[in-house]
Amino acid sequence: MKTESVRIQQEMDRPGRSKFSSYQDLIIGKRGFWRMLKYELVILFCSAVPGALGLFLRGIFYPCLLGACGKNVNFGANVVLRHPHKIRIGDNVIIDDNCLLDAKGRDNEGISIGSGVFIGRNSILSCKNGDIVLRDRVNIGFNSEVFSGSRVEIGNDTLVAAYCYVVGGDHAADNAEAALTEQGSRSRGITVGANCWFGAGAIVLDGIKVGANAIVGAGAVVTKDVPDYALSVGVPAKQIRDRRQPSGNAEGRRQNAETKS
């Protein structure tokens, strides 16, 4: 388990710290006038430009801010990048309008996005000194969030519908008398296997492993590990079927067939 005791409020409130330094630490991730100037110019002249011109400008200049960027990467309007030098993107990726890619952290690796990935509009990839890994062809619907305080990995070809939350971290609350904002956070991480499907509004809590080829139903809250090929629904989520078995009541169908004969 990874624990964090330093919060943004505490970092921002340190004596002798200028607004200029705070901005660089919070948004850019490295200090330096020229690094900040490059970031500001790219965001100023590219971020909000609409239409094909905006796509073209962001496709040319956003990669200059990133740790790595493949071919044919499309950035929608108002895509926000924080600690961009710790963001790595593969080929043929679409990041829709108003998304936030936040790789914030002191010693983390940041965000790694594979090839063929789609991230729907208004979605958030947020690190708090953790890492997020989206393998090839992951599809994340609009208004979803992936949060990591240690490591969250989503396997190849996984489909995450709209309004889903993959929450790889939690608040420490051991002291009932102390303010929650002073108790820090902890994270065990989340691992999602390949070829999974999360229905709209599903929530995956910290410390969970979801096996390959699993389906989590809409609105489910996953509080325990999900086996390979499991179909799980409900709050809390429970397995109702193995996807390798026929759907419906096989025993009931057999008895019905015997009755008819």
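As the structure is a computational prediction, the values presented were derived from the model and not from experiment.

Chemist: Now, about the nonpolar core: what can you tell me, with residues and values included?
Modeler: Judged by nonpolar contacts, the single largest core of 53 residues is most densely connected at Ile113, Leu125, Leu134 and Phe198. Only helix H2 (19–28), helix H3 (33–46), strand E5 (87–89), strand E8 (111–113), strand E10 (124–127), strand E11 (131–134), strand E14 (151–154) and strand E19 (190–192) provide two or more residues apiece to this core. Take this core: its biggest share by element is 4 residues, from H3. Beyond its immediate stretch of four places on either side in the chain, Ile113 contacts Arg88, Ile89, Gly90, Val93, Leu101, Ile119, Leu125 and Leu134.

Chemist: Can you tell me about the sheet that holds strand E21 (residues 203–204), naming the residues and giving the values?
Modeler: Taken in spatial order, the 7 strands line up as E4-E7-E10-E13-E16-E21-E24 in an open sheet, and their pairing is parallel. Lying at the two open borders of the sheet, with one neighbouring strand each, are strand E4 (80–82) and strand E24 (221–222). Strand direction decides the pairing type here: strand E16 (residues 165–168) and E21, joined by 2 bridges, are parallel. Along E21, the bridge assignment pairs Val166 with Val204.

Chemist: Provide a residue-level description of H3, including the pertinent values.
Modeler: Here H3 is 14 residues long and its end C-alpha atoms lie 20 Å apart, about the 20 Å a rise of 1.5 Å per residue gives. Among the residues of H3, those classed as buried are Met36, Tyr39, Val42 and Cys46. Down the axis of H3, the buried side of the element spans an arc of 135 degrees, and every buried residue falls inside it. Opposite the packed face of H3, turned more than 90 degrees from it, sit the exposed residues Phe33, Trp34, Leu44 and Phe45. Elements in contact with the buried residues of H3: H2, helix H4 (51–61) and E4.

Thresholds applied
- Every chain is numbered independently, its residues counted from 1 as its sequence is written.
- For a predicted model such as this one, the threshold for reporting local features is a pLDDT of at least 70, and the threshold for listing and counting side-chain atom pairs is 80 or more; totals across whole chains, interfaces and linings nevertheless cover every residue.
- Derived side-chain values reflect all non-hydrogen atoms in the structure, with water molecules and hydrogen atoms excluded from consideration.
- In plain words, nonpolar cores are sets of buried Ala, Val, Leu, Ile, Met, Phe, Trp, Tyr and Cys residues tied together by side-chain atoms within 4.5 Å.
- When accessible area is computed with a 1.4 Å probe and restricted to protein chains, residues below 20% of their type maximum are described as buried, those above 50% as exposed, and intermediate ones as partly exposed.
- Think of it this way: any DSSP run of H or I at least four residues long counts as a helix, any run of E at least two long counts as a strand, and we number them from the N terminus.
- Contacts are assigned to residue pairs with any non-hydrogen atoms lying within 4.5 Å of each other.
- The pairing criterion is simple: DSSP has to find at least two bridges between the two strands.
- Under the convention used throughout, the expected extent of a helix is 1.5 Å for every residue step, that is, one less than its residue count.
- Arc definition: it is the arc formed by the directions from the helix axis to the C-beta atoms.

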